[in-house]
2 protein chains.
Amino acid sequence: MQTGVQAANGKLTKADKTRARLIEVATRLFQEHGTDHVTVRRIAAAAKIEAGSIYYHFSSRDEILRAVLERGVGGAREEVMAAIAEAGADSSALVRLRAALGAHLKYTLRHHFSSRLKAIRRLPKRLRDHHMQQERDYAAIFARLLREAQREDLLRGGFDPSVVRMLTMGALTWVAEWYDPKGPLTPDEIADELMGVLTNGIVKP
Amino acid sequence: MQTGVQAANGKLTKADKTRARLIEVATRLFQEHGTDHVTVRRIAAAAKIEAGSIYYHFSSRDEILRAVLERGVGGAREEVMAAIAEAGADSSALVRLRAALGAHLKYTLRHHFSSRLKAIRRLPKRLRDHHMQQERDYAAIFARLLREAQREDLLRGGFDPSVVRMLTMGALTWVAEWYDPKGPLTPDEIADELMGVLTNGIVKP
DNA sequence: AACAATAACGAACAACTGTTAGATTTTCAT
DNA sequence: ATGAAAATCTAACAGTTGTTCGTTATTGTT
């Protein structure tokens, strides 16, 4: 196995490219068929190499899954943080929340990265701990935005912020289960709807 | 294999009891470890019979899964409908919606029946079609409540009801992923929070 | 008590799994 | 062009899976 860190000279080695391709197709296959129904042989076939060759790049099947999860959560986190930053530190916490929701949806829907991969309870224990921590960190972004909205005195009282946060994350996560890329809805429109519910509810005042 | 319809005389045959026991333990195991990580041998062991004996009651492993899904969605549907009926046909559609949310959460959390079992896209195609129809029927209950609320002129405009419905179902479904039965929250309290968000949002007027 | 129907056993199966290791090819600096 | 290093191939392995089937035990009716 090799480390995935590219050679010191700027060049991308052949192994770097193969490794990246493996992660790419594995992500798609995991999402499409569920982590358990994807064998190393299928990943290999999709990446146009033989099954045994995978073990030159990854020490085990679990390592592939770990790499996929790492890149997935990490990538989403980066884009969400970028969107928040772009909204501007001086903007309302609600504007930043809307930006975060949109970025999250755009990333997860674009990268086929969603609930399917997040059924973390069934991961091997070693992976699970690390991934759950990553997941908690990610959720903390949204928790922080809610707290800031509260501090800016934008929120009404009488609700449990942590429960609302988890309900929101659930709604968000589940989108990948019903979203149809060929349908009329854009990720941003879904984010608008969700933000609308959070802002006003759906009931007449 | 046998049909599961109990003998004409009121008696429950031994096979009826075994079959029921198999479905029961399979439901728990599927939920606990994920559908894919549960082998027929584990189900058999949990039901205190041998693996081969399962095929006297079910023609295949998929048939067990089908039975579990059938009873799960069917059971939830029954309890939700009952809760709506109990709320009274003359009550506000919002009151009935609140009752439906509570019943759904109580059932799914009590019966360990949740998203884990609902990763329907990865089901064998034959099962998937039937189960997706059942799922659509179930979602239609909530769609109907929203429509009735609209007819009763309780809802503000400016949102897409079908998107809001799916976001709500997502929040609902995902609860089973984070809910801790030993924690302080009751299913009813979660339903209250969700209903609160739907009603008023979380932002100051 | 005897007998047929019912229910469960238990050993075997073929297919598929992740993984290994030695042989083979490709890559690239010299 | 040559040789070493890097990358891939190929065949095999041990274990697990769903399933089958002939045998055995249990049940309920006469």
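Cut-offs applied
- Residues numbered from 1 in each chain as written.
- Chains lettered and ligands numbered in written order.
- Predicted model: local features only at pLDDT ≥ 70, side-chain atom pairs only at ≥ 80, totals over all residues.
- Heavy atoms only, no water.
- Helix = DSSP H or I, 4+ residues; strand = E, 2+ residues; numbered from the N terminus.
- Expected span 1.5 Å × (residues − 1).
- Axes fitted to C-alpha atoms, helices over the stretch in contact; angles between N-to-C directions.
- Parallel < 35°, antiparallel > 145°, perpendicular 65-115°, else oblique.
- Left-handed = near helix turned anticlockwise from the far one by under 90°.
- Contact = heavy atoms within 4.5 Å.
- Nonpolar A, V, L, I, M, F, W, Y, C, P; charged D, E, K, R; others polar.
- Least-squares fit on C-alpha atoms with pLDDT ≥ 70 in both.
- Near = heavy atom within 4 Å.
- Polar contact = N/O pair within 3.5 Å; in protein donor to acceptor, adjacent residues only side chain to side chain.
- Core = buried A, V, L, I, M, F, W, Y, C linked by side-chain atoms within 4.5 Å.
- Buried < 20%, exposed > 50% of the residue type's maximum accessible area, 1.4 Å probe, protein only.
- Salt bridge = Lys/Arg side-chain N within 4 Å of Asp/Glu carboxyl O.

What to know about helix H4 (residues 61-87) of chain B
Next up, step 1: Given a rise of 1.5 Å per residue, 27 residues ought to cover 39 Å, and the 39 Å separating the end C-alpha atoms of H4 of chain B matches this to within 8%.
Next up, step 2: Two residues or fewer after H4 of chain B comes Gly88 of chain B, characterised by a positive phi angle close to 100 degrees.

Quick word on the packing of helix H8 (residues 161-178) of chain A against helix H8 (residues 161-178) of chain B
Next up, step 1: Packing of H8 of chain A against H8 of chain B leaves a shortest axis separation of 6 Å and a crossing angle of 110 degrees. By the angle between their directions, the pair H8 of chain A and H8 of chain B is classed as roughly perpendicular. In the crossing of H8 of chain A with H8 of chain B, the sense of the turn from one axis to the other is right-handed. Each of Val163, Met166, Leu167, Gly170, Ala171, Thr173, Trp174, Val175 and Trp178 of chain A in H8 of chain A lies in contact with H8 of chain B, whose residues at this interface are Val163, Met166, Leu167, Gly170, Ala171, Thr173, Trp174, Val175 and Trp178 of chain B.
Next up, step 2: For the contact of H8 of chain A with H8 of chain B, the class distribution of residues is 14 nonpolar, 4 polar and no charged.

Some details on the relation of the copies chain A and chain B
Next up, step 1: Aligned on chain B, chain A shows an RMSD of 0.2 Å; the corresponding rotation is 179 degrees and the shift along the axis is 0.0 Å. Expressed as a symmetry operation, the mapping of one chain copy onto the other fits a two-fold axis.
Next up, step 2: Counting the interface residues of chain A, we find that 100% of their copies in chain B are interface residues as well, pointing to one common contact surface.

Details of the protein's contact with DNA strand C
Next up, step 1: Around DNA strand C, the surrounding shell holds 20 residues, and the nearest of these are Tyr55 and Arg61 of chain A together with Glu50, Tyr56 and His57 of chain B.
Next up, step 2: Sugar and phosphate atoms represent 66% of those atoms of DNA strand C found within 4 Å of the protein.
Next up, step 3: Backbone polar atom of Glu50 of chain B to a phosphate oxygen of DNA strand C: 2.5 Å apart, as the coordinates give it.
Next up, step 4: Of all the secondary-structure elements, those providing two or more residues to the surface near DNA strand C are helix H2 (40-46) of chain A together with helix H1 (14-33) and helix H3 (54-57) of chain B.
Next up, step 5: Its residues assigned to classes, the surface near DNA strand C shows 6 nonpolar, 9 polar and 5 charged.

Examining the nonpolar core
Next up, step 1: Grouped together as the largest cluster of nonpolar side chains are 106 residues, with contacts concentrated most on Ile43, Leu101, Phe142 and Ile202 of chain A together with Leu101, Phe142 and Ile202 of chain B.
Next up, step 2: Leave out the neighbours within four places in its chain, and Leu101 of chain B touches Phe142, Thr168, Leu172, Ala191, Leu194, Met195 and Leu198 of chain B.
Next up, step 3: Formed by 22 residues, the second largest nonpolar core is a distinct cluster that contains Val40, Ala51, Ile54 and Val68 of chain B.

Notes on the interface of chain A and chain B
Next up, step 1: At the interface, 43 residues of chain A touch 43 residues of chain B.
Next up, step 2: Linking chain A with chain B are 2 salt bridges.
Next up, step 3: Among the ionic pairs, Asp153 of chain A bridges to Lys204 of chain B, the shortest N-O distance being 3.0 Å.
Next up, step 4: Inspection of the region where chain A meets chain B yields 16 residue pairs in polar contact (both at pLDDT 80 or more).
Next up, step 5: Sorting the residues of the side of chain A that touches chain B by element identifies helix H6 (115-118), H8 and helix H9 (187-200) of chain A as the ones contributing at least two each.
Next up, step 6: Sort the elements by how many residues they give to the side of chain A that touches chain B and H8 of chain A lands first, with 12 residues.
Next up, step 7: Considered class by class, the residues forming the side of chain A that touches chain B number 22 nonpolar, 10 polar and 11 charged.

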